[in-house]
Amino acid sequence: MKKKVLFILISGLIFTSYQLKDENIVRFNEFSISKEIHAEVPIIIDFKDTLSNDTLVEYLSEEQIPVMYSRKFLTGVCIDGKCRMLNIELFWNITGRYLGFKLPEGEFLSKTEHVKFNSNEYDMLNHLLANPLSELANYSLKELVPEEDTTKYKVDAVSSATIAAVLDYIVPGAVYTTYTLWHYVYGPTKQEIEKITSERLSTEIALELLNSQNKDDQIWTLNHISGKVEISVSLQDKLMEIISGNDIYLAEQSLHTLKPENLTSEIQIELINTFIKVGFLQKRLIIQKLEDSPNLDNYVIKKFSSELNGLNGVLVKTILEMFTIHNVEDEMVTENVSELLKDDNRYIAKQAFKYLENIDNPDKKTVRDIEKYKKNNL
């Protein structure tokens, strides 16, 4: 029952944030895997940092799929000898993406002169910690909190001359706390989580992550599938869905996951069917991917051949280069390419000529078409 209560609490926080009785302070962002948590597994890790807690908590679903990870941090927030403890639990998605934070009951975060964060400032902190491109990565704490200025300020003070560079990346009056937590989020713990998930990545976990609405999770997964995960039918269907979608970068990364051995006739046919429906950039990426196939399927060859008329010069050139790589010499292909010799676009006609000139044993009609082209253009 305890695990179910925890799941209800966390799942209710997706895309929301709230504060209970001004005591329990919790903030979460969107989850990639929305499964009920059935077990919490402590993992002892040498994080090689200065913190005393070496325990990473893994939260597992009933199917033993990891849902998220957390680590507790207990450290002093001190400037000029004035300190209070920072007691917080940080959470990560299984791709290492920052997920949220939770404070123990009655605990709070504070700013200059120990002023408590208000609800909006907790929201702001959660938003700032979710930014992996924060300017806080480019500064040391000494640069943000110069020693010569600390005598003028209380806890979490900051030089007004320095703050301008990071003003949009800190909670006002809480530069030390924001800086410290951001570096905890993107430090060794994140790296260890990514390592764990990468080593355990399966078809089932990959599908869960690719179905996430978070693009960063999708990119991470596509970058880690290659060579590690079996391309099952369900995963193949998901990759084709992404390839035919509107996001060119995700389409490119999805194609990159397909190795030559994955380019079976079935997948090649899926790709040519997708080719017909998508725009220029995806069309070109699909052709270039099929160049890597061990053998080009005969149906796919004829289908590309029938698509030549009406494509722009770049795509015609790329398809003919693919045919050359695979030593395609098909009667239907030769006939369709010969028609391109008459194209009003001189570039397309030239590409057709270059291809036909290098095939063996062209038929008589093709020979006549080539000679006619040479007579009129060379």
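Residues numbered from 1 in each chain as written. Predicted model: local features only at pLDDT ≥ 70, side-chain atom pairs only at ≥ 80, totals over all residues. Heavy atoms only, no water.

Counting 105 residues, the largest nonpolar core has Phe-304 and Phe-323 as the members making the most contacts within it. Apart from residues no more than four positions distant in its own chain, Phe-304 is found in contact with Ile-272, Phe-275, Ile-287, Leu-290, Ile-319, Met-322 and Phe-323. (Core = buried A, V, L, I, M, F, W, Y, C linked by side-chain atoms within 4.5 Å. Buried < 20%, exposed > 50% of the residue type's maximum accessible area, 1.4 Å probe, protein only. Contact = heavy atoms within 4.5 Å.)

Here the focus is the environment of Leu-99. Here Leu-99 shows up in strand β7 (residues 98-102). The class for Leu-99 is buried, based on a relative accessible area of 0%. Along the primary structure Leu-99 and Asn-29 are separated by 70 residues, whereas in three dimensions their C-alpha atoms are 5.3 Å apart. When near neighbours in sequence (up to four residues on either side) are disregarded, Leu-99 contacts Arg-27, Phe-28, Asn-29, Glu-30, Phe-31, Met-68, Phe-91, Trp-92 and Asn-93. (Helix = DSSP H or I, 4+ residues; strand = E, 2+ residues; numbered from the N terminus.)

Under the criterion given, the structure shown has 11 aromatic pairs. Seen from their ring centres, Phe-73 and Trp-92 are 6.4 Å apart, and the 55° between their planes marks the pair as tilted. Within this pair, whereas Phe-73 is found in strand β5 (residues 66-79), its partner Trp-92 is found in strand β6 (residues 82-92), the two being separated by 19 residues in sequence. Just as Phe-73 is buried, Trp-92 falls in that class too. Each ring, one from Phe-275 and one from Phe-304, has its centre 4.9 Å from the other, and the planes form 70°; the classification is edge-to-face. On the criterion of sequence distance, the pair formed by Phe-275 in helix α11 (residues 265-277) and Phe-304 in helix α13 (residues 298-307) is long-range, its members being 29 residues apart. Ring pairing ties together the aromatic residues Phe-28, Phe-31, Tyr-59 and Phe-91, which thus form one cluster. One residue, Arg-71, lies across the ring of Phe-47, its end atom 3.8 Å from the ring centre. Across from the ring centre of Phe-275, 4.3 Å away, lies the NZ or CZ of Lys-283, which sits over that ring. (Phe/Tyr/Trp six-rings, centres within 6.5 Å; stacked < 30°, edge-to-face > 60°. Lys NZ or Arg CZ within 6 Å of the ring centre and 35° of its normal.)

Bringing the confidence of the model for the protein into the picture now. As a general rule, the predicted coordinates of low-pLDDT regions are not to be interpreted in detail. Taken over all residues, the pLDDT of the protein has a mean of 86, while the share at 70 or more is 87%. The low-confidence segment residues 149-155 (pLDDT under 50) makes 17 contacts with residues lying over four places distant or belonging to another chain. Segment residues 157-161: pLDDT under 50, and 10 contacts once partners within four positions in sequence are set aside and those in other chains are kept. (pLDDT = per-residue confidence, 0-100.)

Topologically, Asp-217 is positioned in helix α8 (residues 215-225). Residue Asp-217 is classed as buried on the basis of its relative accessible area of 0%. Looking at Asp-217, its side chain comes within polar contact range of the side chain of Arg-97, at 2.8 Å. Those residues in contact with Asp-217 that sit more than four places away from it in its chain are Ser-32, Asn-93, Thr-95, Arg-97, Leu-209 and Ser-212. (Polar contact = N/O pair within 3.5 Å; in protein donor to acceptor, adjacent residues only side chain to side chain.)

Counted according to the given criterion, the structure contains 16 salt bridges. Asp-217 serves as the salt-bridge partner of Arg-97, at 2.8 Å between the closest nitrogen and oxygen. You can see Arg-97 sitting in the loop between β6 and β7 and its partner Asp-217 sitting in helix α8, a full 120 residues away along the chain. Of the two residues, Arg-97 and Asp-217, both sit in the buried class. Among the ionic pairs, Lys-215 bridges to Asp-247, the shortest N-O distance being 2.9 Å. Of this pair, Lys-215 sits in helix α8 while Asp-247 sits in the loop between α9 (233-243) and α10 (248-257), and the two are 32 residues apart along the sequence. Take Asp-247: its relative accessible area is 25%, and that puts it in the partly exposed class. Here the salt bridges do not stand alone but share partners, grouping Glu-339, Lys-342, Lys-365 and Asp-369 into one network. (Salt bridge = Lys/Arg side-chain N within 4 Å of Asp/Glu carboxyl O.)

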